[in-house]
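# Fold and geometry: a report
If you want the building blocks of each chain, they are given just below.
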Amino acid sequence: MTSMVDATAKADPKHIMVNDLTFAYPGRAPVLKNLNMSLTNGARCLLIGANGAGKSTLLRILAGRHMTKADENGQDSVQVLGRNAFHDTRLNFERSYLDTDWGMRTVAFAGYGCPLQADIAVSAMMVKLQEEYPERRDELIKLLGIDPNWRMHQVSDGQRRRVQIFIGLIRPFKILLLDEVTTSLDVVVRMDLLRYLKKESEERGATILYATHIFDGLDDWPTHVHYLNDQGATGWQGLLGDLDILKDLRAKGETSPILRIDEHWLRGELAAKEQVGEQEKASGPAMIAELDPLQKSNNQGGGFSNGRMAAYDFVANP
């Protein structure tokens with residue numbers, strides 16, 4: 001008997017397709033180099049790699065935050081659901097992107113990442129969306145342990161993150177892009193969320209790309225792994241079951257094989273850098289802006305300039 005996911009896969013075989021993508025911010029060497037990625041619907045892919053490897057950049061590109069050029073054949077180098085990831089705004093109704101900047105703002109003289117202090121109840125946020133999907137709303141509220149009467153100026157960091165996930169998952173998605181959004185969740189909420197996302201991929205054929213450095217409870221969760229090395233290129237990608245080192249670790253009784261695999265890959269990168277005396281460079285948005293003459297002026301102005309957000313206004317593949 002053919003499952004719903006199998007039937008959908010035949011009609012729409014590739015939810016995410018990246019073809020020979022090279023991407024650079026102004027004034028910098030490429031962050032991503034000749035990257036290829038192919039994920040079918042129902043895939044749950046762990047995106048792993050060192051800090052600064054390009055994981056967040058890749059997720060932002062797939063989320064439509066950065067524009068990319070076509071390949072040498074005139075085809076879109078990044079396609080989501082068979083469409084241009086940047087230009088096709090219909091994807092905003094089928095794609096959800098969650099990162100760690102939600103609910104934060106930049107305050108003059110105070111710094112980056114200051115929590116928003118709006119006095120608004122969770123029940124009053126995205127009201128039409130909550131009313132359109134009442135069953136998903138109620139399920140997610142229970143799953144995430146959210147009180148709809150919470151006021152956003154009174155919540156903790158972990159509660160704010162749960163509200164973000166709640167808002168981001170209410171509308172049924174075909175593509176879900178997660179960038180380290182589980183770091184402030186407690187163990188119970190995190191494990192319940194992972195089980196919920198697994199159900200979403202298995203029952204609805206949703207494709208999930210999850211960048212994280214926390215591997216507890218993930219050894220049997222992903223279907224795929226994509227490892228970005230420190231050069232912005234793919235170090236390894238494919239089905240989790242095809243990873244030979246994983247088979248060896250499991251045969252030896254390793255209890256956290258994905259953690260050990262990631263450690264093995266990253267220690268190899270560190271050893272290679274030490275041999276040539278290479279130091280890791282700063283790679284945050286403010287540093288990128290400093291290297292771009294067009295953006296540098298935005299970091300000045302006594303604290304009243306556009307600041308950090310201006311650093312995201314880039315053109316790909318210069």
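As a reminder, the structure under discussion sits directly above these lines.
Residues numbered from 1 in each chain as written. Predicted model: local features only at pLDDT ≥ 70, side-chain atom pairs only at ≥ 80, totals over all residues. Heavy atoms only, no water.

## Overview of the packing of aromatic side chains
Per the counting criterion, the structure on display carries three aromatic pairs. When the centroid spacing of 5.2 Å and the interplanar angle of 90° are considered together, the rings of Phe23 and Tyr25 count as edge-to-face. You'll find Phe23 and Tyr25 in the same group, each marked buried. Between Tyr210 and Trp221, the aromatic rings sit 5.8 Å apart at their centres with planes inclined by 80°, giving edge-to-face as the arrangement. Note that Tyr210 is positioned in strand E10 (residues 207-211) and Trp221 in the loop between E10 and strand E11 (224-228), a separation of 11 residues in sequence. For the pair formed by Tyr210 and Trp221, the shared burial category is buried. A cation sits over an aromatic face here: Arg44 above Trp221, 5.8 Å from the ring centre. Across the ring face of Phe173, the terminal group of Arg204 is positioned such that the distance to the ring centre comes to 5.2 Å. (Phe/Tyr/Trp six-rings, centres within 6.5 Å; stacked < 30°, edge-to-face > 60°. Buried < 20%, exposed > 50% of the residue type's maximum accessible area, 1.4 Å probe, protein only. Helix = DSSP H or I, 4+ residues; strand = E, 2+ residues; numbered from the N terminus. Lys NZ or Arg CZ within 6 Å of the ring centre and 35° of its normal.)

## Observations concerning the pairing of strand E3 (residues 44-49)
Across the six residues of E3, six count as buried, placing the element largely inside the fold. With four bridges joining them, E3 and E10 adopt parallel strand pairing. When the bridges of E10 are listed, Leu46 appears paired with Tyr210. (Pairing = 2+ DSSP bridges.)

## Looking at empty space enclosed by the protein
Summed over all chains, the structure comprises one cavity of 30 Å³ or more. Of the pockets and cavities examined, the largest cavity occupies roughly 40 Å³. Lining the largest cavity are Leu46, Ile48, Val225, Leu240, Leu243, Ile258, Ile261 and Trp265. (1 Å grid on protein atoms, 1.4 Å probe; cavity = no way out; pocket = protein on both sides within 12 Å on 5 of 7 lines; lining within 4 Å. Points joined across faces, edges and corners; volume = space filled by probe spheres on them.)

## Observations regarding the sheet that holds E3
The six strands lie next to each other as E6-E9-E10-E3-E11-E12, forming an open sheet whose pairing is mixed. At either margin of the open sheet sits one strand with a lone partner, and together these are strand E6 (95-98) and strand E12 (234-239). Going from strand to strand, the sheet's axes swing by 10° on average, the running direction of each strand aside. Relative to E12, E11 runs antiparallel, the two sharing five bridges. Along E12, the bridge assignment pairs Val225 with Gly238. (Axes fitted to C-alpha atoms, helices over the stretch in contact; angles between N-to-C directions.)

## Comments concerning the environment of Thr22
Assignment of secondary structure puts Thr22 in strand E1 (residues 16-23). Sequence spacing of Thr22 and Leu35 is 13 residues, and the spatial spacing of their C-alpha atoms is 6.6 Å.

## Let's talk about the sheet that holds strand E5 (residues 83-84)
Within the open sheet, the four strands sit side by side as E2-E1-E4-E5. Their pairing is antiparallel. Edge strands, defined here as strands with exactly one partner in the open sheet, are strand E2 (32-39) and E5. Two elements, E1 and strand E4 (residues 78-80), share three bridges in a ladder whose sense is antiparallel. When the bridges of E4 are listed, Ile16 appears paired with Val80.

## Details of the pattern of salt bridges
Under the definition given, this model contains 17 salt bridges. Taking the shortest distance from any N to any O, the salt bridge between Arg151 and Asp119 comes out at 2.8 Å. Placement of the pair is Arg151 in the loop between helix H4 (134-144) and helix H5 (157-169) and Asp119 in the loop between strand E8 (111-115) and helix H3 (127-132), with a sequence separation of 32 residues. Residue classification places Arg151 among the partly exposed positions, given a relative accessible area of 30%. On the accessibility criterion, Asp119 (48% relative accessible area) is partly exposed. Here Asp244 makes a salt bridge to Lys247, at a shortest N to O gap of 3.9 Å. Note that Asp244 and Lys247 are positioned in helix H7 (residues 244-251) at a spacing of three residues, about one turn of the helix. Among the ionic contacts, a cluster of salt bridges with common partners joins Glu254, Arg260, Glu263 and Arg267. (Salt bridge = Lys/Arg side-chain N within 4 Å of Asp/Glu carboxyl O.)

## Concerning the nonpolar core
Ranked by internal contacts, the top residues of the largest apolar core, which has 47 residues, are Leu46, Val163, Phe166, Leu169, Leu178, Leu197 and Trp221. Among all residues touching Leu169, those that are not within four sequence positions of it are Leu98, Arg136, Leu140, Leu176, Leu193, Tyr196 and Leu197. One finds Leu39, Ala63, Ile175 and Leu177 within the second-largest nonpolar core, a separate group that totals 30 residues. (Core = buried A, V, L, I, M, F, W, Y, C linked by side-chain atoms within 4.5 Å. Contact = heavy atoms within 4.5 Å.)

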